[in-house]
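The lines below spell out each chain.
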Amino acid sequence: MKGDGIKQFFRNSRSFVLGAGIGSGMAARAAERAGADFVLALNAGRFRAMGGSSPASILPIRNTNDFVAGFGRTEILPSTKLPVFFGACTFDPQLDIDRWLDRISRWGFAGVTNFPSVIHIDDYRRSLLEKAGLGYAREIELLVKAAKRGLMTIAYTRTQSEARRMVEAGTQAICINFNLNRGVESASDPSISLSELAARASAVARVAQSVDRNVICLLGGGPITKPDELLDICSETGVKGFIGGSSLDRVPLEMSVLEITSGFKTLHLLREKVDLLERQLQLSGFRHGIIAQSSVMKRVLETAKRLASHSSPVLVWGEPGSGKRRIASLVHAFSDRKHANAALFQCRPGPPIDTVGALFGAERDQHRRRQLSLLESASDTTVLLLHLDQLSRDGQERLADYLETGSFAPLNGASIVRSGARIIATATIARAAALQTVLCPRLLGLFSGFDIKLPALPDRLEDLPQLVQHFTVEAKGDSNAQTLALENSAFLALAGHDWPGNLRELRQIVNQLVTLPDAHISAGILRPLLNTPAPTKPKNAFSEREWVIEGLKRNRLHRGKTARSLGLSRKTLYNKIKKLRILE
């Protein structure tokens, strides 16, 4: 961008712009993801990342330009697509400005700024630099020559006279900056108050705009550490943006490290609670509404995490209501595409134009325009195909073609369309049935080795207490809701039920139980809801005694942990151990 490059950049940006004065590639990536408009590679940012402070930037402890070039070229430029401004220093009497600007432009920096600047040096030492010809006039020369090379420029200014000189020289954007933050310990005693900052910034901006009413005025650093403080200042001064340094990297980092380190330091006080949370989360599954106390469900989550790390298609299959959609969503959440929302497609019976056409698109004909396919629109993310077993045989064959080649032909069309969408599908089968009954052989073969079979609820009875608690919380809308008080007979009735509807059926049962006035749920209350006229023996002879023994084994005889995992109080567990003569 030449001439009015910086003005063109701000015209293309939002009404309020944010610049980040940073010193590391990690900070550059974070700034871009958070929505910054540009970054400045500044030696002050690097000193902060090294544990120093911003005032170190004006001390002769480094060759500033070589220093910035080192981390700017190797870390910041490769880490962001945002425009990067080079913080250049003119204090060095041996500096060849023209040579350095040529190198800065060749390296790929988008702009230059005069940082560190003599405006941050005390009056006596600054006067010495000015007398030696290394003062503010040399910084103006730097930016004027940079603009002639097509580099964007932002000028750091402190006083009204500095702003006037910069704008009269043709600089089109200034950053009004009054002080350098020292450290988090001094943040409560800034060298300039917010009210004084607003008044002085307004005065500088007025002088700059009296020379060129189109000059872009930004506010830099100072005592501002919070967004609400910036909002107040901007409303009073009318500046068009903010350049943050310590407020964007040092202050948040120091506070985060302080809080996290304190948390780890007190970890021994929270060990049992963390242990309980880890069991509930089970590879982050709990955050997606997935309970995995049983060994079979733990294997499901391990498989989901393993398959998520690949780009291969995944098929999640099981009985109706077994939680297939949640596991499919979990695979996407574990994958490298998790930052983009997955596209959802329900495979339902219907006319080809509404089913196959919606997924693969359709060429235009005399009755309708070309229909864009879901695979095209979701090329950069995941497509969750629900109820793949209901997709027509033609649709399944087309999907097999896509999984083999990465391309497909729209309905009624001959052209080939490519897509990068990843397929994660679900299929429903009846109990004791096989996938061959619902999927065509070629499609089934492509999912071979990349499928996750979900167990039916009777095959994961260890999860019953946690599932009941989870659905109770869902029904009551209260994360601290107490679990239902199930009597022994009620639990045995749940364990012995056939559960044709699996988790969906259990959720409906719990939704009805939480509305009952009875504090304790017995088998007599439960059986009408289960539609089981007589008590049945738990499947696989899963008796109450075996249930407790299994819980004790799983928790290595730790009674407190066993009680929590079984949804019992310690006293109730002790009574059951004694009554069932488990430890005799």
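Everything below is about the structure printed above this text.
To keep things clear, this report deals only with the structure shown in the data block. (Residues numbered from 1 in each chain as written. Predicted model: local features only at pLDDT ≥ 70, side-chain atom pairs only at ≥ 80, totals over all residues. Heavy atoms only, no water.)

**A closer look at the overall build of the protein**
Here is step 1 of the chain: Counting its secondary structure elements, the protein contains 25 helices and 17 strands.
Here is step 2 of the chain: For the protein, with 584 residues in total, the buried portion stands at 50%.
Here is step 3 of the chain: By sequence separation, contacts in the protein at least 24 residues apart represent 70% of the contacts at least 6 residues apart.
Here is step 4 of the chain: Summed over all atoms, the accessible surface of the protein reaches about 28600 Å², with 52% contributed by carbon and sulfur. (Helix = DSSP H or I, 4+ residues; strand = E, 2+ residues; numbered from the N terminus. Buried < 20%, exposed > 50% of the residue type's maximum accessible area, 1.4 Å probe, protein only. Contact = heavy atoms within 4.5 Å. Areas by Shrake-Rupley, 256 points an atom, 1.4 Å probe, with all protein chains shown as cover.)

**Re the environment of leucine 388**
Here is step 1 of the chain: Mapped onto the elements of the fold, leucine 388 is located in the loop between β11 (382-386) and α17 (393-405).
Here is step 2 of the chain: For the pair leucine 388 and alanine 427, spaced 39 residues apart in sequence, the C-alpha separation works out to 5.2 Å.
Here is step 3 of the chain: Not counting chain neighbours up to four residues away, the residues in contact with leucine 388 comprise Leu315, Cys347, Gln396, Leu399, Ala425, Thr426, Ala427, Leu439, Leu443 and Phe447.

**Topic: the sheet that holds β11**
Here is step 1 of the chain: If you trace the five strands from one edge of the open sheet to the other, you get β10-β11-β14-β9-β15, paired in parallel fashion. In the strand order of this sheet, the two ends are held by β10 (343-346) and β15 (451-453), each with one partner. Between one strand axis and the next, the sheet turns through 15 degrees on average, direction left out of account.
Here is step 2 of the chain: In terms of strand pairing, β10 meets β11 through four bridges, oriented parallel. Residue pairing for β11: alanine 343 is matched across the bridge by valine 383.
Here is step 3 of the chain: Strand contacts of helix α13 (residues 295-308): β9 (314-318), β14 (422-428) and β15, with the helix running at about 165 degrees to β15, the strand carrying the most contacts. (Pairing = 2+ DSSP bridges. Axes fitted to C-alpha atoms, helices over the stretch in contact; angles between N-to-C directions.)

**Some points on the sheet that holds strand β3 (residues 84-88)**
Sheet strands associate in pairs through backbone hydrogen bonding, adopting either a parallel or an antiparallel arrangement.
Here is step 1 of the chain: In space, the eight strands of this closed barrel follow the order β1-β2-β3-β4-β5-β6-β7-β8, with parallel pairing throughout. The mean angle between the axes of side-by-side strands here comes to 25 degrees, regardless of whether they run parallel or antiparallel.
Here is step 2 of the chain: Relative to β3, strand β2 (residues 38-41) is paired through three bridges, and the arrangement is parallel. For valine 39, the partnering residue across the bridge sits in β3 and is valine 84.

**Some words on the side chain of threonine 562**
Here is step 1 of the chain: Considering the arrangement of structural elements, one finds threonine 562 in helix α24 (residues 559-566).
Here is step 2 of the chain: On the basis of relative accessibility, which here comes to 0%, the residue threonine 562 falls in the buried class.
Here is step 3 of the chain: Not counting residues within four places of it along the chain, the set of residues in contact with threonine 562 comprises Gly551, Leu552, Asn555 and Leu573.

**A closer look at the side chain of threonine 355**
Here is step 1 of the chain: Mapped onto the elements, threonine 355 comes out in the loop between β10 and α15 (356-360).
Here is step 2 of the chain: Polar contacts involving the side chain of threonine 355 include one to the main-chain carbonyl oxygen of proline 351, which spans 3.1 Å.
Here is step 3 of the chain: With sequence-adjacent residues up to four places away left out, threonine 355 is seen in contact with Phe345, Arg348, Pro349 and Gly350. (Polar contact = N/O pair within 3.5 Å; in protein donor to acceptor, adjacent residues only side chain to side chain.)

**Thoughts on the pattern of salt bridges**
Here is step 1 of the chain: This structure, assessed with the given rule, holds 18 salt bridges.
Here is step 2 of the chain: For glutamate 130, the salt bridge goes to arginine 126, with nearest N and O atoms at 3.2 Å. Of this pair, glutamate 130 and arginine 126 are both found in helix α6 (residues 123-131), four residues apart, which corresponds to roughly one turn of the helix.
Here is step 3 of the chain: Among the salt bridges present, the one from glutamate 397 reaches arginine 442, with a minimum N-O distance of 3.0 Å. (Salt bridge = Lys/Arg side-chain N within 4 Å of Asp/Glu carboxyl O.)

**Focus: unusual backbone geometry**
Here is step 1 of the chain: The omega torsion across phenylalanine 115 and proline 116 is 0 degrees, close enough to zero to call that bond cis.
Here is step 2 of the chain: As for its placement among the helices and strands, proline 116 is situated in the loop between β4 (111-114) and α6.
Here is step 3 of the chain: Although it is not a glycine, histidine 387 sits at a positive phi angle of roughly 60 degrees.
Here is step 4 of the chain: Inspection of the secondary structure puts histidine 387 in the loop between β11 and α17.
Here is step 5 of the chain: Its identity is not glycine, yet tryptophan 499 carries a phi of approximately 50 degrees, on the positive side.

**What to know about the packing of aromatic side chains**
Here is step 1 of the chain: Evaluation of the coordinates by the stated rule reveals nine aromatic pairs.
Here is step 2 of the chain: An angle of 80 degrees between the planes, with centres 5.6 Å apart, marks the rings of phenylalanine 67 and phenylalanine 71 as edge-to-face. One end of the pair, phenylalanine 67, and the other, phenylalanine 71, are both in helix α4 (residues 64-79), four residues apart, so they sit about a helical turn from each other.
Here is step 3 of the chain: Relative accessible area serves as the criterion here: at 2%, phenylalanine 71 is assigned to the buried category.
Here is step 4 of the chain: What links up through ring pairs into an aromatic cluster is the set Phe86, Trp100, Trp107 and Phe109.
Here is step 5 of the chain: One Lys or Arg, arginine 103, reaches over the ring of tryptophan 100 and ends 4.8 Å from the middle of that ring. (Phe/Tyr/Trp six-rings, centres within 6.5 Å; stacked < 30°, edge-to-face > 60°. Lys NZ or Arg CZ within 6 Å of the ring centre and 35° of its normal.)

Purely spatial values, then, with no claim about function.
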